[in-house]
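Architecture at a glance
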Amino acid sequence: MPSGQPQRARLGLLPLIVLLGTAPATAQPVFDGTVRNLAPGNTVEAPLIAVGDWSGDGELDLVWTSGGSFRVSEGDGAGNFTDSAEIMSGLTTLGPQLAAGDFNGDGLLDAIAGRGAGDDVALLLSGGGAGVLTTALLDLPRNSGAFPVVADADADGDDDVYLVELGMTILLNRTGTGLSVATDIVASSSQTARGFAITDIDGDQRADFIGPALDGEHGGLDVILITPNPVNGEPGIGAITVVPLALDSVSSLVTANLDTDTDLDIAVVGDAAGTTSLVTVRNDGPRNWSPSAPVPSINLGAAPDLAVADFDMDGRRDVVVSCTEPDCRMMALHHGQNLAAPGPVELLPVLAPATRLAVGDIDCDGDPDVVAGSSAGSTAILNLGGRNYEDQLFRPLRGVDLVLADVNGDAALDALGLDTGALQVALN
């Protein structure tokens with residue numbers, strides 16, 4: 001998932017996952033098997049669910065997009081949601097990603113959908129008090145910007161927006177006037193919502209960009225530092241560092257502290273000579289990066305999801321990749337502090353293929369678990385400790401997009417899935 005979104009707006013929008021070993025014990029069942037379908041929509045692409053309090057009553061609501069419309073489903077705090085209200089219907093501008101933040105300074109959540117067909121993006125804005133929503137369109141300087149990420153571009157603490165596709169556009173949050181275009185960069189590229197990251201690499205409180213180069217010639221990554229423009233102080237391009245990788249293409253990447261120091265490293269999955277492979281990149285400073293050799297994976301299929309978390313609780317982050325093939329295998333990569341020599345790959349069969357991953361403490365035992373989702377159904381992978389895991393299939397929940405959040409107030413994470421038919425809620 002790209003970095004930089006406010007915690008209140010993503011409450012479990014964490015695309016992280018792992019599977020290792022065989023469980024010696026049986027875990028208690030999670031998810032009650034009841035899946036609640038909200039109003040059906042048309043074909044969608046992830047991630048298009050945002051969780052937050054849009055109605056102002058203190059309970060979690062859902063905002064999602066489908067069929068050219070924003071949809072809002074109000075929650076009652078007990079896991080029940082209203083039929084989705086359709087707002088701003090008939091749009092062709094809604095793209096394949098949704099992000100949430102406070103874009104007009106009123107302390108309430110707003111939402112932005114990436115560009116679809118056309119050269120503008122659609123905004124869902126709070127206005128006139130809690131629960132009052134309006135819509136607006138914002139013109140872009142060119143026909144690009146499908147993937148919005150909320151982050152701080154000018155170190156003022158406000159929610160700005162990075163729009164990434166064939167280049168990158170920064171929408172600056174100007175107090176009192178809302179979002180407007182500040183920077184347009186034709187120097188970076190990503191064709192998927194998981195193929196780049198927006199995060200502060202150099203510690204200046206301004207979010208930077210990591211992703212494939214626009215020309216794709218060097219088969220690696222560009223790290224673009226965002227710095228103040230010396231003339232007007234607005235966000236501009238600083239140093240651009242090329243990180244060469246032994247990959248022909250990049251499909252997913254995440255940033256995390258992988259070597260237990262204090263900076264962010266990179267994990268990348270992509271194609272190397274026809275084989276899906278994983279590369280870890282050590283951060284030796286904002287302009288110095290040390291990539292590992294590709295680690296081949298087995299039967300992962302096309303467009304796997306990628307995640308990091310400390311699943312074996314040894315103080316080091318683990319890197320995992322989903323499997324989209326029918327044999328449903330996950331790859332888990334363990335390593336110590338030497339990212340140039342990643343550790344062994346461990347595989348565990350699961351019960352359904354997975355195109356989306358979400359991580360959280362599902363069984364409330366203090367360690368990270370996984371929900372793996374696809375249009376065929378979802379699997380909960382419970383972490384039993386000692387690198388032992390148990391799979392539990394709850395097929396009715398389909399997860400083209402997948403979110404974990406406590407929507408009924410019982411302190412256990414519930415699962416939200418968005419597929420071609422409807423937005424679905426599975427209580428835990």
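Just above, that's the structure.
Heads up: these notes are all about the structure in this document. Computed from a prediction, not measured in an experiment: that's the story for all the values here.

As for the nonpolar core
Membership of the largest hydrophobic core comes to 18 residues, with the highest contact counts inside it found for L221, L245, L253, I266 and V268. Mapped by element, the contributors of at least two residues to this core are β15 (221–228), β16 (235–243), β17 (249–256), β18 (265–272) and β19 (275–283). Once you skip the residues sitting within four places of it in the chain, L221 turns out to touch I210, G211, P212, T241, V242, V243, L245, V250, L253, I266 and V268. One finds A151, A153, I170 and I185 within the second-largest nonpolar core, a separate group that totals 17 residues.

What about the environment of L123?
Residue position: L123 is located in strand β8 (residues 120–126). Separated by 20 residues in the primary sequence, L123 and F103 place their C-alpha atoms 9.3 Å from one another.

Let's talk about the packing of aromatic side chains
The full count for this structure, using the stated rule, is 2 aromatic pairs. Centre to centre, the rings of F147 and F196 are 6.4 Å apart; their planes meet at 40°, and the pair counts as tilted. One end of the pair, F147, is in strand β10 (residues 147–151); the other, F196, is in the loop between β12 (178–189) and β13 (197–199), with 49 residues separating them in the sequence.

Let's talk about the sheet that holds strand β28 (residues 377–385)
Taken in spatial order, the 4 strands line up as β26-β27-β28-β29 in an open sheet, and their pairing is antiparallel. Only two strands of the sheet have a single partner each, and these edge strands are β26 (356–360) and β29 (388–394). Averaged over all pairs of adjacent strands, the angle between their axes in this sheet comes to 20°, without regard to strand direction. When strand β27 (residues 369–374) meets β28, the two strands line up antiparallel, connected through 5 bridges. The residue bridging V371 from the neighbouring strand is A380, located in β28.

Observations concerning the pattern of salt bridges
Applying the stated criterion across every chain, the model contains 2 salt bridges. The partner of D284 in a salt bridge is R282, with the nearest N and O atoms 2.8 Å apart. Given a relative accessible area of 39%, D284 falls into the partly exposed group. For R356, the salt bridge is made with D305, and the minimal N-O distance between the two is 3.6 Å. With R356 in strand β26 and D305 in the loop between β21 (295–296) and β22 (306–309), this pair connects stretches of sequence that are 51 residues apart. D305 shares its class with R356; the two are buried.

Each value, and the rule that gives it
Residues numbered from 1 in each chain as written. Predicted model: local features only at pLDDT ≥ 70, side-chain atom pairs only at ≥ 80, totals over all residues. Heavy atoms only, no water. Core = buried A, V, L, I, M, F, W, Y, C linked by side-chain atoms within 4.5 Å. Buried < 20%, exposed > 50% of the residue type's maximum accessible area, 1.4 Å probe, protein only. Helix = DSSP H or I, 4+ residues; strand = E, 2+ residues; numbered from the N terminus. Contact = heavy atoms within 4.5 Å. Phe/Tyr/Trp six-rings, centres within 6.5 Å; stacked < 30°, edge-to-face > 60°. Pairing = 2+ DSSP bridges. Axes fitted to C-alpha atoms, helices over the stretch in contact; angles between N-to-C directions. Salt bridge = Lys/Arg side-chain N within 4 Å of Asp/Glu carboxyl O.

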